Amino acid sequence: MRSSPFAAFVLLAPVALTAPAIADAATPIAGRYVTEDGAGVVTVGPCEGTVCGRLTTILRKRPGAPDTDVNNSDAALRTRPILGLPILSGFTDEGKDWRGKIYDPRNGKTYKSIVARNADGTLNVKGCIAFFCQTQVWKPAR
C-alpha cells in the first residue's frame, strides 16, 4: 500500500506543533533573590498553578517604615504584615520569559510584570505601566 503525502503530514503535524513549545519554555525562576535595593529577600516558587514570590526576609528596614501594608488601596489588606507579603503573583511561562504582576508595598500599587532569569543566575524583574517599563536586577540570595 502506498502512503500519500497527506498521510505523512497528518502523522507528523502533532510532532511539529509540539516541538516549538518544548524549545520555547522559559528558564525556571524559582529561588531566593535579594531585591536590587538590598532591602529584602523574595522567595519565588509555585503557587496554586502559577509562580509567585513572597517577601521572606527584611534585610534593611527603612527608618519609620510601617510593619504592615498601610499603602494598599484595599483598606481590608492594610493590616497584613509586610513580611510574607506576596510581591510577585500569577506568573506563567510565556516562552522566553515569565509574565504576571508585581506589587510595590511602598506605594500600594500593582503593575504588569515580566521576569526572566539571566545566565549568571540573576533575575531581571520588569514592572510596567502601559508600555513604560522599569527593570531591576535581583541577585540570588546566599
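For the structure, see preceding data.
What counts as what
- Residues numbered from 1 in each chain as written.
- Predicted model: local features only at pLDDT ≥ 70, side-chain atom pairs only at ≥ 80, totals over all residues.
- Heavy atoms only, no water.
- Helix = DSSP H or I, 4+ residues; strand = E, 2+ residues; numbered from the N terminus.
- Buried < 20%, exposed > 50% of the residue type's maximum accessible area, 1.4 Å probe, protein only.
- Polar contact = N/O pair within 3.5 Å; in protein donor to acceptor, adjacent residues only side chain to side chain.
- Contact = heavy atoms within 4.5 Å.
- Pairing = 2+ DSSP bridges.
- Axes fitted to C-alpha atoms, helices over the stretch in contact; angles between N-to-C directions.
- Disulfide = S-S within 2.5 Å.
- 1 Å grid on protein atoms, 1.4 Å probe; cavity = no way out; pocket = protein on both sides within 12 Å on 5 of 7 lines; lining within 4 Å.
- Points joined across faces, edges and corners; volume = space filled by probe spheres on them.
- Nonpolar A, V, L, I, M, F, W, Y, C, P; charged D, E, K, R; others polar.

(A) Local environment of the side chain of T35. Inspection of the secondary structure assignment puts T35 in the loop between β1 (31–34) and β2 (40–47). For T35, a relative accessible area of 15% gives the class buried. From its side chain, T35 meets the backbone nitrogen of A39 in a polar contact 3.4 Å long. Contacts of T35, omitting those with residues within four sequence positions, involve G40, V42 and W138.

(B) Representation of the sheet that holds strand β8 (residues 132–140) in the model. In space, the 8 strands of this closed barrel follow the order β1-β2-β3-β4-β5-β6-β7-β8, with antiparallel pairing throughout. Within this sheet the neighbouring strands show an average axis-to-axis angle of 35°, counted without direction. The sheet contact formed by strand β6 (residues 109–117) and strand β7 (residues 123–129) spans 6 bridges and is antiparallel. Each bridged residue has a counterpart across the sheet, and for A116 the counterpart in β7 is N124.

(C) A look at unusual backbone geometry. In the Ramachandran plot, E48 falls in the positive-phi region, its phi being about 45° despite a non-glycine side chain. Position of E48 among the secondary structure elements: in the loop between β2 and β3 (50–58). When its relative accessible area of 85% is taken as the criterion, E48 is described as exposed. In this structure, A130 takes a positive phi of about 55° despite not being glycine. If you trace the backbone, A130 turns up in the loop between β7 and β8.

(D) Local environment of the state of the cysteines. Across all of its chains, the model carries 2 disulfides by this definition. Residue pairing for C47: its cysteine sulfur links by disulfide to C52, the two sulfurs lying 1.7 Å apart. A residue is classified by how much of its surface remains accessible, and C52, at 10% relative accessible area, is buried. Between the sulfur atoms of C128 and its disulfide mate C133 the distance is 2.1 Å. Across the S-S bond linking C128 and C133, the dihedral sits near 110°, which makes this disulfide right-handed. Each bonded cysteine in the protein chain gets a number by its place in the sequence, and the pairs come out as 1-2, 3-4.

(E) The environment of N118, seen in detail. Mapped onto the elements, N118 comes out in the loop between β6 and β7. In this structure the C-alpha to C-alpha distance between N118 and V137, which are 19 residues apart in sequence, comes to 9.4 Å. Excluding its chain neighbours within four sequence positions, the residues that come into contact with N118 are L123 and N124.

(F) Representation of the pairing of β6. The pairing of strand β5 (residues 98–104) with β6 spans 7 bridges and is antiparallel. Residue pairing for β6: R99 is matched across the bridge by I114. Linkage of β5 to β6, two consecutive antiparallel strands, is achieved through a turn of 4 residues, within which G108 is found at a positive phi near 75°. The loop that links β6 with its antiparallel partner β7 comprises 5 residues; one of these, G121, has a positive phi angle of about 95°.

(G) Representation of the layout of surface pockets. Of the pockets and cavities examined, the largest pocket occupies roughly 840 Å³. Taken together, 34 residues line the largest pocket, and the ones lying closest to its centre are D37, Y103, D104, P105 and R106. Only β2, β3, β5, β7 and β8 provide two or more residues apiece to the lining of the largest pocket. A class-by-class count of the residues in the lining of the largest pocket yields 18 nonpolar, 7 polar and 9 charged.

Everything listed here is a matter of coordinates, which is why it stays silent on function.
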